[in-house]
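Now for the letters of each chain:
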Amino acid sequence: ARYNLALCHRLLGDVDQARAMLEAYRKENPKDERAAEVAHQLGALDEESGRYAEAAGEYERALASKVDAALAVELNYRVGVCREKLGDEKSALAAYARASAHGDRANTYRLSALARSAALYETRKDYPKALAAYRDLIKNATDPEIVVAARERASELQSGGAKQ
């Protein structure tokens, strides 16, 4: 009941109460089947508050629990976002790579991880890896706008539009 009440508080925007209830739930039920989801919720609260190091830690804690493949993709993507915001591109790229390895090629978080990877590879001037990420987006994205944007960027990279 405490977990469900915490989710209700979160939906109502009562972040402090939601956090307190989730932390109390975790303390009372440390090995509960919802351990990953509790860490996921706490990570989201931290991320929304701009506490990226704490959020990444919670997402990684969730990943260390038993999670299904789809949730693992989302959690790895979120770890990547947090690490990127902390300026740790290497860890962000590693998290994005784990998210991108998911079998469901059209998974939204997988595609988002590819897009972020492509952008980071470009900032690092690693154009072959950026191009590979764009090609994956072109092949697997279902949103026409994403496909068009990836095609345009890939074309620019192929024609030497990026300063190499």
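Calculation rules
- Residues numbered from 1 in each chain as written.
- Predicted model: local features only at pLDDT ≥ 70, side-chain atom pairs only at ≥ 80, totals over all residues.
- Heavy atoms only, no water.
- Helix = DSSP H or I, 4+ residues; strand = E, 2+ residues; numbered from the N terminus.
- Buried < 20%, exposed > 50% of the residue type's maximum accessible area, 1.4 Å probe, protein only.
- Areas by Shrake-Rupley, 256 points an atom, 1.4 Å probe, with all protein chains shown as cover.
- Lys, Arg positive; Asp, Glu negative; His and termini not counted.
- Charge placed at Lys NZ, Arg CZ, Asp CG, Glu CD.
- Polar contact = N/O pair within 3.5 Å; in protein donor to acceptor, adjacent residues only side chain to side chain.

Some remarks on the overall build of the protein
Counting its secondary structure elements, the protein contains 9 helices and 0 strands. Scanning the protein from its N terminus toward the C terminus, one meets helices and strands in the order α-α-α-α-α-α-α-α-α. Taken along its principal axes, the extent of the C-alpha atoms in the protein is 60 × 30 × 30 Å. Each of the 164 residues in the protein was classed as buried or not, and the buried ones make up 42%. Here the protein displays about 9000 Å² of accessible surface, and carbon together with sulfur accounts for 50% of that area. With 26 positive and 26 negative side-chain charges, the protein shows a separation of 5 Å between the mean positions of the two kinds.

What to know about the environment of Ser91
Structurally, Ser91 is set in helix H6 (residues 89-100). Once the C-alpha coordinates of Ser91 and Val81 are considered, the two residues, 10 residues apart in sequence, prove to be 9.8 Å apart. A distance of 2.7 Å separates the side chain of Ser91 from the side chain of Asp88, its partner in a polar contact.

Shape is all these values report; function is a separate question.
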